[in-house]
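# Per-entry structural report
The primary structure of each chain is shown beneath.
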Amino acid sequence: MEIHTDVVIAGCGVAGLYSALKLPADRQIVIITKSDARSSDSFLAQGGICVLRDEEDYDSYFEDTLRAGHYENRKESVDIMIRESRSVICDLVEYGVRFEQENGEFVYTREGAHSRPRILFHEDITGEEITSSLLKRVRERPNITLYEYTTMTDIIEKDGVCRGIVAEKTPDACAGDGVLESKAQGNMAGEERIRCEIYAEDTILATGGIGGRYQHSTNYPHLTGDAIDIAKNHGIRLEHLDYVQIHPTTLYSDKPGRRFLISESVRGEGAVLYNEKKERFVDELLPRDVVTKAIHEQMEEEGTKHVWLSMAPIPTEKIRKHFPHIYEHCLEEGYDVTKECIPVVPAQHYFMGGIWVDSDSHTSMEGLYAVGETSCNGVHGANRLASNSLLESLVFSGRAAADIVRRSKDC
Ligand SMILES: Cc1cc2nc3c(=O)[nH]c(=O)nc-3n(C[C@H](O)[C@H](O)[C@H](O)COP(=O)(O)OP(=O)(O)OC[C@H]3O[C@@H](n4cnc5c(N)ncnc54)[C@H](O)[C@@H]3O)c2cc1C
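Described in the following lines is the structure provided in the data block. Given the structure is predicted, the values throughout are model-derived calculations rather than measurements. (Residues numbered from 1 in each chain as written. Predicted model: local features only at pLDDT ≥ 70, side-chain atom pairs only at ≥ 80, totals over all residues.)

Further remarks concern the pairing of strand 2 (residues 29-32). Burial along strand 2 is two-sided: Ile29 and Ile31 and Val30 and Ile32, pointing in opposite directions, are all buried. Bridge count between strand 1 (residues 2-10) and strand 2: four bridges; the pairing is parallel. When the sheet's bridge partners are listed, Ala10 is paired in strand 2 with Ile32. Each parallel crossover has a hand, and for strand 1 linked through helix 1 (residues 14-22) to strand 2 it is right-handed. (Buried ≥ 20, exposed ≤ 12 C-beta atoms within 10 Å, placed from the backbone. Helix = DSSP H or I, 4+ residues; strand = E, 2+ residues; numbered from the N terminus. Pairing = 2+ DSSP bridges. Right-handed = clockwise from strand over helix to strand, strands pointing away.)

For the rest of this paragraph, the subject is the sheet that holds strand 17 (residues 354-356). With mixed pairing, three strands are arranged side by side in an open sheet as 12-17-19. Strands with a single pairing partner mark the edges of an open sheet, and in this sheet they are strand 12 (238-239) and strand 19 (375-376). Relative to strand 19, strand 17 runs parallel, the two being bridged by two bridges. Each bridged residue has a counterpart across the sheet, and for Trp356 the counterpart in strand 19 is Cys376. This element, helix 6 (residues 226-233), spans strand 12 and strand 17 of the sheet and lies at about 45° to strand 17. (Contact = placed C-beta atoms within 7 Å. Axes fitted to C-alpha atoms, helices over the stretch in contact; angles between N-to-C directions.)

Further remarks concern the nonpolar core. If you look at the biggest cluster of nonpolar residues, it comprises 71 residues, and the most contacted ones within it are Ile9, Leu17, Ala20, Ile31 and Ile355. Residue contributions to this core peak at eight residues, all from helix 11 (residues 389-410). Core analysis: the second largest hydrophobic core is formed by 24 residues, Leu261, Ala271, Leu309 and Ile342 among them. (Core = buried A, V, L, I, M, F, W, Y, C linked by C-beta atoms within 7 Å.)

Quick look at unusual backbone geometry now. The phi angle at His70 is positive, at roughly 55°, despite the residue not being glycine. When you line up the elements, His70 lands in the loop between helix 3 (58-68) and helix 4 (75-94). Its 13 C-beta neighbours within 10 Å are what place His70 among the partly exposed residues. Unusually for a residue other than glycine, Asn103 sits at a positive phi of about 50°. When you line up the elements, Asn103 lands in the loop between strand 4 (101-102) and strand 5 (105-106). Judged by local crowding, Asn103 falls into the exposed class, with 5 C-beta atoms found within 10 Å.

Take a look at the structure:
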């Protein structure tokens, strides 16, 4: 089976969806996703999305991002992300995304390693609010066809140029644990084994992170870094494959499967970490890698499988309003966060490395772009600052779309 289109995109998290929406309506676009359309890490994002609040915040935001990244960040990329943040937020609001407001003004929250509140949020389900709005817009666009349960297995390379991708029906074992979407515009899942070549002028890889390769991760298990393997096989440049972020606080559980994240903004709003003796042992607002190291050392010293997180410093009213889903989930697991500590443990969370891209998200292969968590544009350096990844994914997927348009005009 063969499909011919203008642009093919593998992955429908924020990066894949936003790049599709930023392409002109007269381009034919095919998006494929390995699972159902809602099973992406983008839907899971809790804490929020950073934005440059005002010109005065520029230096401090820039420095916070670099300090968290151990000064290994590509400065040009950081500058681009910060400078373009407000226009991305305006786009999102136009697409229907609702951020917390008071008296008509945005409310900003804070997370670890941020020197001031600059994070927009929607309760504790910011990712779902953003991604479902983008998905809704994509489904309204007649020029975009979305195939669910369709896995990219290779790219099509001709004379060193990318000409599209090879896709197959997703193996059952890789189907995510989300709700099955009934409104797929196209679906290869009905038939037993279909191999499809999707030819395109431009190809965008937006396949997310690598958490599915880990035993303990906050990521969906079907996110296994497929684009990284494919890129490696084609000699495409990769960068910092060893830069993996471990999130300090996921709800401890003996059960197998994805770990439930306790957002950093909970600590940003005052929650504290305790050891077994209920003593504090670290400044909770230090960068993620520093807090993670302190927790691991504490667990080793005490011979425990977790430490404790207390949300007691946060008023109950605020917990219910700002963190309703964390509150509910913990209740389901038997913990009332308004009354007791919860056990937390670090788990794999984010991949800073990936397919090397330039500041327009172009890879080292002609005709091939990479965006979102699977790419490495150097924004995060060696360690990501909290709530920078949704923003980075959106800014640089928008730039990929703009570059595709620019290059086609030049031809
Ligand atoms: C629990 C959690 C909380 C988070 N909270 C925040 C937060 O508050 N703020 C923030 O900025 N960031 C947060 N992040 C990080 C952020 O959500 C992700 O980095 C970002 O959403 C990545 O977007 P993406 O589009 O690159 O990938 P994803 O959203 O993961 O999408 C990847 C897509 O690729 C598809 N795919 C994968 N492999 C294939 C293949 N072989 N063929 C076809 N399709 C494929 C998947 O099905 C999926 O559609 C959080 C992450 C997690 C896990």
